[in-house]
Amino acid sequence: MMIHSLALPPSDTEVDAWLTVLASAAAVDLPQLPPPSRVEIAGRLCVRPARGRPVLWTAGDGEGVAALLLFTEEGNERTAFLDALTVRPAARRRGIGTALWEQVREELLADGRTSVAAMLDLGGPGQAFAEAMGFENVLPMAWYVQDIPNGTATDGRAADGTAAAPAATPADGPVHDPAVPGYELLTWYGLVPDAWAPAAAAAHAAMEDAPTGDMDERIQTWTAQRLHTLQQLVLDRGGEMITVAAVTPGGEVAAYTEIVLPDPAGTSALQYDTVVVPAHRGHGLGRAVKRHMAARAAARHPQLRRIATTVADENVPMRAVNEALGYRRERGAGVFQITL
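Residues numbered from 1 in each chain as written. Predicted model: local features only at pLDDT ≥ 70, side-chain atom pairs only at ≥ 80, totals over all residues. Heavy atoms only, no water.

1. Considering the overall build of the protein chain
Heads up, the condition is: Strands are runs of DSSP state E lasting at least two residues, helices are runs of H or I lasting at least four, and both sets are numbered from the N terminus onward. Throughout, radius of gyration means the C-alpha value; the globule benchmark is 2.2 Å times the number of residues raised to the power 0.38. Classification of residues uses two cut-offs on accessible area relative to the type maximum, computed with a 1.4 Å probe and protein chains only: under 20% is buried, over 50% is exposed, and between them is partly exposed. Here, two residues are considered to be in contact whenever any of their heavy atoms come within 4.5 Å of each other.
When you go through the protein chain residue by residue, the secondary structure sums to eight helices and 13 strands. Its C-alpha radius of gyration of 20 Å places the protein chain within 12% of the 20 Å reference for a compact globule of 340 residues. For the protein chain, the C-alpha atoms occupy an extent of roughly 60 × 40 × 35 Å along the three principal directions. Residue burial in the protein chain is summarised as follows: out of 340 residues, 47% are buried. Contacts in the protein chain between residues far apart in sequence, at least 24 positions, make up 71% of those at least 6 positions apart.

Take a look at the structure:
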């Protein structure tokens, strides 16, 4: 089995071949999900990540693909993330996945890595293959989905039945939510404004108490520059990012939530971080920012039909917030890791 390393950025033909592998696998393994978008796949392959060095491989004549991210961040130089290792269903059980894994493992060892992790759905071929190679689930979690069947309803209520915000425009100003007196809700499209970036970065630091299980990857220190760098990556890859923050009169970001549309023309969005700063917990801010986000996103993108997110099994408070907003558990997942 010939394994080929791709030069970066890959050509349009190589991107199309990669998309074919992922789409054929998704159609069999996760038929309930929207198919992968070329905009998203091309963005991920052609725009270098901010957190490390990517390495890409293909197997045979478009029979399988693998993508590895070798972290370059401080404290993570000994670990990595396996972003993809996928074989077309018609080509499975021929040793292609094993051949790709051996190439990945060789790269990891040559670069001095001692572990690698991957995020996998439970019960599928990915989990079975990973466990056969020696991976273990170090952070059990699940995918949760909020359905948005008609965007914002004509009665002025959001898809979850709660009061919706007015239609979104980039010039939206502060919004006062009666459910959270003393805070204003701000919506930002793309990069967080420079004036708010330091406060937003400080709020991101509250993610340090989020469950990480036994993952070797270390959480990085948030700064305004790092925040903008990672947000700019989403935009450079062709996506759109929306942030809703609950802010205090003194200029503190007390809570925030982020969603990303990897393909702004698509029907799906990914819920990124949702954080409430410890000093401001217990006021319903998590529900408020996520409720406001769903209304804003639906108004801005009428074709949007689902917002998906992962929550660690042990993160009981966030699971409760999602349940209150109408999220349903769709499927189990986990961060699987192997020590080399």
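2. Side note on the nonpolar core
Put simply, the rule is: What we call a nonpolar core is a set of buried Ala, Val, Leu, Ile, Met, Phe, Trp, Tyr and Cys residues that are connected through their side-chain atoms within 4.5 Å.
By size, the foremost hydrophobic cluster in this structure holds 29 residues, and its most contacted members are A246, I259, L285, L304 and I307. Of all the secondary-structure elements, those providing two or more residues to this core are β6 (136-147), β8 (184-189), β9 (240-247), β10 (253-261), β11 (268-276), α7 (285-300), β12 (306-312) and α8 (316-324). A per-element tally of this core places α7 first, with six residues. Among all residues touching L285, those that are not within four sequence positions of it are V180, Y183, A246, A254, A255, V276 and H280. Counting 23 residues, the second largest nonpolar core, distinct from the first, contains V55, V87, I96 and W101.

3. Examining the pairing of β11
Filter applied, for reference: The criterion for strand pairing is that DSSP finds at least two bridges linking the strands in question.
Two elements, β10 and β11, share five bridges in a ladder whose sense is antiparallel. When the bridges of β11 are listed, Y256 appears paired with V275. The antiparallel pairing of β10 with β11 creates a hairpin that spans six residues between the two strands. Bridge count for β11 against β12 is three bridges, and the pairing is parallel. Residue pairing for β12: L270 is matched across the bridge by A308.

4. Some thoughts on the side chain of N76
One can find N76 in the loop between β3 (64-71) and β4 (80-87). In contact with N76, other than residues within four places in its own chain, are R51, F71, R113, D216, E217, R218 and Q220.

5. Here's the deal with the packing of helix α5 (residues 197-204) against helix α6 (residues 224-236)
Two quantities define a packed helix pair, namely the angle between the helix axes and the distance between the axes. For clarity, the threshold we go by: Note on definitions: angles span 0 to 180 degrees between N-to-C directions of axes, and those axes are lines fitted to C-alpha atoms, for helices only across the stretch in contact. Note that the term roughly parallel is reserved for angles under 35 degrees, roughly antiparallel for angles over 145, roughly perpendicular for angles of 65 to 115, and oblique for everything else. All amino acids are sorted into three groups, where Ala, Val, Leu, Ile, Met, Phe, Trp, Tyr, Cys and Pro are nonpolar, Asp, Glu, Lys and Arg are charged, and the leftover types, Gly among them, are polar.
Interaxial distance between α5 and α6 falls to 8 Å at its minimum, and their mutual angle equals 90°. Relative to α6, α5 is oriented roughly perpendicular. Every residue of α6 that contacts α5 at A197, P198, A200, A201 and H204 is listed here: A224, L227 and H228. Considered class by class, the residues forming the contact of α5 with α6 number six nonpolar, two polar and no charged.

6. Structural notes on the environment of A42
Among the secondary structure elements, A42 is positioned in helix α2 (residues 38-46). Measuring from C-alpha to C-alpha, the distance between A42 and L185 comes to 34 Å, with 143 residues separating the pair along the chain. Setting aside residues no more than four positions away along its own chain, A42 makes contact with V15 and V47.

7. What to know about the pattern of salt bridges
Applied cut-off: In what follows, salt bridge is the name for a side-chain nitrogen of Lys or Arg lying within 4 Å of a carboxyl oxygen of Asp or Glu.
The full count for this structure, using the stated rule, is 17 salt bridges. Among the ionic pairs, R331 bridges to E330, the shortest N-O distance being 2.4 Å. For R331, a relative accessible area of 13% puts it in the buried group. Among the ionic contacts, a cluster of salt bridges with common partners joins R51, E73, E217 and R226.

8. Here we look at helix α1 (residues 12-29)
The cut-off we apply is this: Working rule for helices: expected span equals 1.5 Å times residues minus one.
Taking 1.5 Å per residue as the helical rise, α1 with its 18 residues ought to reach 26 Å, and the 25 Å between its terminal C-alpha atoms agrees with that figure. The secondary structure elements touched by the buried residues of α1 are α2, β2 (52-59), β3 and β4.

9. Description of the packing of aromatic side chains
What counts, and what does not: Under the pairing criterion, centres of Phe, Tyr and Trp rings, with the six-membered ring standing for Trp, must be within 6.5 Å; the plane angle then separates stacked pairs below 30 degrees from edge-to-face pairs above 60, leaving the rest tilted. Criterion for a charge above a ring: Lys NZ or Arg CZ within 6 Å of the ring centre, and within 35 degrees of the ring normal.
In the structure shown here, the tally under the stated rule is two aromatic pairs. The ring of W222 carries the charged tip of R226 above its face, separated from the ring centre by 4.3 Å. One Lys or Arg, R300, reaches over the ring of Y189 and ends 4.0 Å from the middle of that ring.

10. Let's talk about α2
Filter applied, for reference: Contacts described as polar in this section are N or O atom pairs within 3.5 Å, which, within protein, must combine one atom able to donate a hydrogen with one able to accept it, while residues neighboring in sequence count only if both atoms come from side chains.
Buried residues of α2: I41, A42, G43 and L45, and no others. The elements touched by buried residues of α2 are α1 and β2. Near the N-terminus of α2, the side chain that reaches the backbone nitrogen of V39, with its oxygen 3.1 Å away, is that of S37.

11. A closer look at the pairing of β10
Of all nine residues in β10, nine are buried, a share of seventy percent or more. Sheet topology places β9 next to β10; eight bridges connect them, and they run antiparallel. Residue V247 lies in a different strand from β10, and its bridge partner there is V253.

12. Section: the side chain of T243
Topologically, T243 is positioned in strand β9. The residues touching T243, leaving out its near neighbours within four places in the chain, are L186, T187, W188, V192, Q231, Y256, T257, E258 and M293.

13. Observations concerning unusual backbone geometry
The residue after L8, namely P9, is reached through a cis peptide bond having omega -5°. At R93, a residue that is not glycine, the phi angle is positive and equals roughly 65°. Here R93 is to be found in the loop between β4 and α3 (96-110).

Geometry only, nothing functional implied.
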